[in-house]
Amino acid sequence: MEKRSSVLRLIYPQWQGGIVAHWMPDIPADDASRGYYLGAQLLNMLAPKGSQKCVEVPVSLDVHDRNEEKGISARKVILKQTKAALEKLRENDPDKVVTLGGECSVSVVPFTYLAGRYPDDVAVVWIDAHPDVNLPYDDYKGYHAMALTACLGMGDEEITGILPGRFDALKALIVGLRSWDKGMKECQDELGIKGLSPAEVASDSSAVMEWLKGTGVAKVVVHFDLDVLNPAEIIAGVGVEPDGMRIDEVVRVINNIASEYDLVGLTVAEPMPRVAIKLRNMLNRLPLLKE
């Protein structure tokens, strides 16, 4: 009898990788900064409960512990939480990982774990409005913008040195890409990472499936950043770049991948629950609720 693959649900509410408060002036800065923490909890609450084991990575809520070091904001905290996430995976030794975050860097640990578990047989499909290929010497110091390059083994040497695997850049595809600065574009081109715009996957998933066929892999990990979605339909992340992918398009792409490949990793990242934060703050101001 074939052994059933074990699936781990990893709640990874890391928020320190994002420097985002200035994009949400209608929310208190500390609440906006830590919004991904609440977002991860809400994703877990809303997601269907399967039979998989669920574990949570311990994450600090100290908003003041965010010193920049070696070109990364909150580097010491992120390094500590990276080690904690690795420990959770090693303790449970899953075949597949579903990660609910948290900002985009929550994919780094589970994806490199899976790259190490299935050497040279995994491709990464990064569904995101942004390429996330920054490096510590770039102007923006948020680690979430360095997430894909970290998966490729590039960036901070101490962090990448403890990661259990890495991906070849030619086995990475960015889907829904529509927002990047000059440095990001140059890095993407230099690495040879293919990008598909929302328009290129709007009618069908053929461009994704053709690219995957060319990689020769049997397994795939998918990163789903909620800011890839069209804000005209839903604002679920921080970014509100126009002309994004529709919900049905993202769902179709991921399901098409899963129908032909062994989907061993899935991350849903960057939930910024603006309304929930405002409701929580309102409730905190009402009488009797704290008694």
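All chains use their own residue numbering, which begins from 1 and follows the written sequence. In keeping with the model being predicted, local features are shown solely for residues with a pLDDT of at least 70 and side-chain atom pairs are shown and tallied solely at 80 or more, while totals for entire chains, interfaces and linings include all residues. For the side-chain quantities, the full set of heavy atoms in the structure was used; hydrogens and water were omitted.

A.B. asks: Is there a simple way to think about a nonpolar patch on the surface in this case?
C.D. replies: What goes into a patch is any residue over 30% in relative accessible area without a salt bridge, connected to like charges within 9 Å or, for nonpolar side chains (Val, Leu, Ile, Met, Phe, Trp, Tyr), within 5 Å. The Shrake-Rupley method, run with a 1.4 Å probe, gives the accessible areas here. Residue values count only the displayed protein chains as cover. Should a side-chain nitrogen of Lys or Arg be within 4 Å of a carboxyl oxygen of Asp or Glu, the pair is scored as a salt bridge. Nonpolar side chains collect at one region of the surface, where Val 275, Leu 279, Met 282, Leu 283, Leu 286 and Leu 289 lie side by side and expose about 550 Å² of accessible area between them. Each helix corresponds to a stretch of at least 4 residues labelled H or I by DSSP, and each strand to a stretch of at least 2 residues labelled E; elements are numbered beginning at the N terminus. Structurally, Leu 283 is set in helix H10 (residues 274-283).

A.B. asks: Can you help me understand the layout of surface pockets in this one?
C.D. replies: Unoccupied space between atoms shows up once a probe the size of one water molecule is rolled over them. Here a cavity denotes a set of grid points, spaced 1 Å apart and computed over the protein atoms alone, in which a 1.4 Å probe fits but from which it cannot get out, and a pocket denotes an open set meeting protein on both sides within 12 Å along at least five of seven lines; residues with an atom within 4 Å of a point are reported as lining. Grid points are joined across faces, edges and corners, and a volume is the space filled by probe spheres set on the points. In this structure, the largest pocket spans a volume of roughly 840 Å³. Forming the walls of the largest pocket are 33 residues, and the residues nearest its centre are Leu 43, Ala 47, Pro 48, Leu 100 and Val 268. When contributions to the lining of the largest pocket are tallied by element, the ones reaching two or more residues are strand E1 (7-12), helix H2 (35-46), strand E5 (96-101), helix H9 (247-260) and strand E10 (262-269). If one sorts the elements of the lining of the largest pocket by residue count, E10 sits on top with five residues. Each pocket or cavity is described by its volume, and for the second largest pocket that value is around 480 Å³. For the second largest pocket, the lining is made up of 23 residues, of which Trp 23, His 130, His 144, Ser 179 and Asp 227 are closest to its centre.

A.B. asks: I tried to follow unusual backbone geometry on my own but got confused; where do I start?
C.D. replies: Glycine aside, a negative phi is what most residues show, and trans is what most peptide bonds show. Omega for the bond connecting Gly 101 with Gly 102 falls within 30 degrees of zero, at 25°, which places this linkage in the cis form. When you line up the elements, Gly 102 lands in the loop between E5 and helix H4 (108-117). At Asp 120, a residue that is not glycine, the phi angle is positive and equals roughly 65°. Its identity as a non-glycine residue notwithstanding, Leu 288 has a phi of 75°, on the positive side. Inspection of the secondary structure puts Leu 288 in the segment after H10.

A.B. asks: What is the right way to look at a negative patch on the surface in this model?
C.D. replies: Counted as positive: Lys and Arg. Counted as negative: Asp and Glu, with His and the chain ends omitted from the count. To locate a charge, the coordinates of NZ of Lys, CZ of Arg, CG of Asp or CD of Glu are taken. Negative charge collects at one region of the surface, where Asp 139, Asp 181, Glu 186 and Glu 190 lie side by side. With respect to the helices, strands and loops of the structure, Asp 139 is situated in the loop between strand E6 (122-127) and helix H5 (147-151). We classify Asp 139 as exposed; its relative accessible area is 78%. Buried residues are those whose accessible area, probed at 1.4 Å on protein chains only, stays under 20% of the maximum for their type, while exposed residues exceed 50% and partly exposed ones sit between those limits.

A.B. asks: Help me out: how do you make sense of empty space enclosed by the protein in this one?
C.D. replies: Taken as a whole and assessed by the stated rule, the structure comprises one cavity of 30 Å³ or more. As a volume, the largest cavity reaches approximately 30 Å³. In this structure, the largest cavity is lined by Asn 134, Tyr 143, Met 146, Thr 149, Ala 150, Met 154, Gly 155, Asp 156, Ile 159 and Thr 160. Elements supplying a minimum of two residues to the lining of the largest cavity: H5 and helix H6 (157-162). Here the lining of the largest cavity is composed, by residue class, of five nonpolar, four polar and one charged. Three categories are distinguished: nonpolar for Ala, Val, Leu, Ile, Met, Phe, Trp, Tyr, Cys and Pro, charged for Asp, Glu, Lys and Arg, and polar for the others, with Gly belonging to the last.

A.B. asks: Is there a simple way to think about the packing of helix H8 (residues 206-215) against H9 in this case?
C.D. replies: Helix packing geometry: the angle between the two helix axes and the distance between the axes. Axes, fitted as lines to C-alpha atoms, cover a helix only where it is in contact. Angles between the N-to-C directions of the axes lie from 0 to 180 degrees. Contact geometry for H8 and H9: axes closest at 10 Å, N-to-C directions at 35°. In the packing of H8 onto H9, the handedness of the crossing is right-handed. Between H8 and H9, the residues in contact are Val 208, Met 209 and Leu 212 and Val 253, Asn 256, Ile 257 and Glu 260, respectively. Here the contact of H8 with H9 is built from residues that sort into five nonpolar, one polar and one charged. Crossing handedness is read from the near helix: turned anticlockwise from the far helix by less than a right angle, it gives a left-handed crossing, and turned clockwise, a right-handed one. Any two residues whose heavy atoms approach within 4.5 Å are treated as being in contact.

A.B. asks: Sorry, what's going on with the environment of Val 275 here?
C.D. replies: Locating Val 275 in the fold gives a position in helix H10. Taking C-alpha positions, Val 275 is 24 Å from His 223, a pair spaced 52 residues apart along the chain.

Functional significance is not addressed by these values, which are geometric in nature.
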